[in-house]
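A closer look at the structure
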Amino acid sequence: MLVFEEAGRALLPGPLVATHLAAGAVPGAAAGTAVVTAFDLGERGGPLVSYLAEADAVLGAAGLPPGEPVRSADPLTPLHRVTGGGPADVSAYREAGALLTAALQVGSALRTLELAVRYAGEREQFGQPIGAFQAVKHLCAGMLVRAEVARTAVYAAAVMAQAADAADGQAADGEAADGEAADGEAAEAAEVAGEIAAAKLLADEAAVRNARDCLQVHGGMGFTWEADVHLHLKRAWVRAEQWVTAAEAEEALAAELSRTATGGEAR
């Protein structure tokens, strides 16, 4: 998680999440000699895939499908719309992909916070740094709260997911689970899915809103190529559509809250 957080902070381009998930499944992915992308952007007039032209494989697909380039909000995330065949099934990687993408978003949110605070201390207006003005202080304070809340949620979801994976491994090594144990495992899986959905939702909000507030602090300077602020916003927009969208995360959270409220029976 820390590595992906730092990658998000540095705006490191590339299908990092898909390549990481493909380790062990695609030759060369673990060693870093193969680039793997995935159908993680859903349907937008046709299945979209990032970095298709640079990829050696597509996660879950038998080969590289043909595609047409489409305009991307992020200039460092090239997109293609696949024209031949349907998207490969990546449901088995969905939760892990969402969690790692949330870590990337947290790193971006923390970086834009740093950029805003630094610029607010350097830029002067009316004979004093703009960071002395209450309106700018409030913007930066809100950015800090969003980033730290999102980071806490991502770390908590990662701990829960790791514990669930360890428990599944122990169960696989032991005897077959009875009905009660199976129900407990299902409930734990649903809880982990809810935690990951919450983490992705909070991280997406932190990354997008922090980038917007950072642009507000920078003013017109933030839109220029001399600053990375606009790149963080564009990357955050793309990541918010990957693996689990806000609407899907809200539905997953609602389902988990309903299950908890009804004593474990989904409604």
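The structure contained in this document is the topic of the report that follows. (Residues numbered from 1 in each chain as written. Predicted model: local features only at pLDDT ≥ 70, side-chain atom pairs only at ≥ 80, totals over all residues. Heavy atoms only, no water.)

A closer look at the overall build of the chain
Short version of the rule: Strands are runs of DSSP state E lasting at least 2 residues, helices are runs of H or I lasting at least 4, and numbering of each runs from the N terminus. Under the scheme applied here, a residue whose accessible area is under 20% of the maximum for its type counts as buried, over 50% as exposed, and between as partly exposed, the area being computed with a 1.4 Å probe on protein chains only. Residues are treated as being in contact if the distance between any of their heavy atoms lies within 4.5 Å. In this description, accessible areas are obtained by the Shrake-Rupley approach with a 1.4 Å probe, and a residue is regarded as covered only by the protein chains that are shown.
When helices and strands are tallied, the chain shows seven helices and seven strands. Along the chain, from the amino end to the carboxyl end, the secondary structure elements read α-α-β-β-β-β-β-α-β-β-α-α-α-α. The 267 residues of the chain split such that 42% are buried. Within the chain, contacts between residues separated by at least 24 positions form 67% of all contacts whose residues are at least 6 apart in sequence. With the model as given, the accessible surface of the chain reaches about 13600 Å², and the carbon-plus-sulfur share is 57%.

Remarks on the side chain of Q242
Note the following rule: Under the rule applied, a polar contact is a pair of N or O atoms within 3.5 Å (in protein, one hydrogen donor and one hydrogen acceptor; residues adjacent in sequence only if both atoms are side-chain atoms).
Within the secondary structure layout, Q242 lies in the loop between α6 (229–239) and α7 (246–261). By relative accessible area, Q242 is classed as buried at 12%. A polar contact is formed between the side chain of Q242 and the side chain of D40, at a distance of 3.3 Å. Setting aside its immediate chain neighbours within four residues, Q242 contacts D40, L41, S50, T101 and K200.

As for the sheet that holds strand β5 (residues 79–82)
Across a sheet, paired strands are connected by hydrogen bonds in the backbone, their directions being either parallel or antiparallel. Inclusion rule: Pairs of strands are assigned from DSSP output, requiring at least two bridges between the strands. What counts as an axis is a line fitted to C-alpha atoms, over the stretch in contact for a helix, and the angles between N-to-C directions run from 0 to 180 degrees.
Reading across from one edge, β2-β5-β4 is the order of the three strands in this open sheet, with antiparallel pairing throughout. The sheet terminates laterally at β2 (48–50) and β4 (67–70), the two strands that pair on one side only. Across the sheet, the mean angle from the axis of one strand to that of its neighbour is 35 degrees, orientation sign disregarded. Pairing of β2 with β5 involves three bridges; the strand directions are antiparallel. Counterpart to L48 in the pairing with β5 is R81.

Comments concerning unusual backbone geometry
Non-glycine residue L11 carries a positive phi angle of around 55 degrees. Tracing the backbone shows L11 in the loop between α1 (2–9) and α2 (16–21).

Overview of a nonpolar patch on the surface
Operational definition: To count toward a patch, a residue needs a relative accessible area above 30% and no salt bridge. Like charges then connect within 9 Å, nonpolar side chains (Val, Leu, Ile, Met, Phe, Trp, Tyr) within 5 Å. Here a salt bridge means any side-chain nitrogen of Lys or Arg lying within 4 Å of a carboxyl oxygen belonging to Asp or Glu.
On the surface, a cluster of nonpolar side chains totalling about 220 Å² of accessible area is made up of V145, V149 and L202. Residue placement: L202 occurs in helix α5 (residues 179–218).

A short note on the packing of aromatic side chains
Aromatic ring pairs: the centre-centre distance and the angle between the two ring planes describe each pair. To keep things clear, this is the line we draw: Aromatic contacts are taken between Phe, Tyr and Trp rings whose centres are within 6.5 Å, Trp giving its six-membered ring; a plane angle under 30 degrees counts as stacked, one over 60 as edge-to-face, and the others as tilted.
Taken as a whole and judged by the stated rule, the model has one aromatic pair. An angle of 80 degrees between the planes, with centres 6.4 Å apart, marks the rings of F126 and F133 as edge-to-face. With a relative accessible area of 26%, F133 lands in the partly exposed category.

Things to note about α6
The buried fraction of α6 amounts to nine of the 11 residues, a majority that puts the element mostly inside the structure. Along α6, the residues classified as buried are V229, H230, L231, H232, L233, R235, A236, V238 and R239.

Section: the environment of D40
With respect to the element layout, D40 can be found in the loop between β1 (36–37) and β2. By relative accessible area, D40 is classed as buried at 8%. Sequence separation between D40 and G97 is 57 residues, and the spatial gap between their C-alpha atoms is 8.5 Å. Setting aside chain neighbours within four positions, we find D40 in contact with E241, Q242 and W243.

So, the state of the cysteines
Using the following cut-off: Cysteine sulfur atoms that come within 2.5 Å of each other are treated as a disulfide pair.
Counting across every chain of the model gives zero disulfides. Sulfur of C140: no disulfide; nearest cysteine sulfur belongs to C214 and is 8.2 Å away.

So, the nonpolar core
For clarity, the threshold we go by: Residues grouped as a nonpolar core are buried Ala, Val, Leu, Ile, Met, Phe, Trp, Tyr and Cys residues, joined through side-chain atoms within 4.5 Å.
Counting 39 residues, the largest nonpolar core has V17, V36, L59, L99, V154 and W243 as the members making the most contacts within it. Elements with a minimum of two residues in this core: α1, α2, α3 (94–122), α4 (134–173) and α5. Residue contributions to this core peak at nine residues, all from α3.

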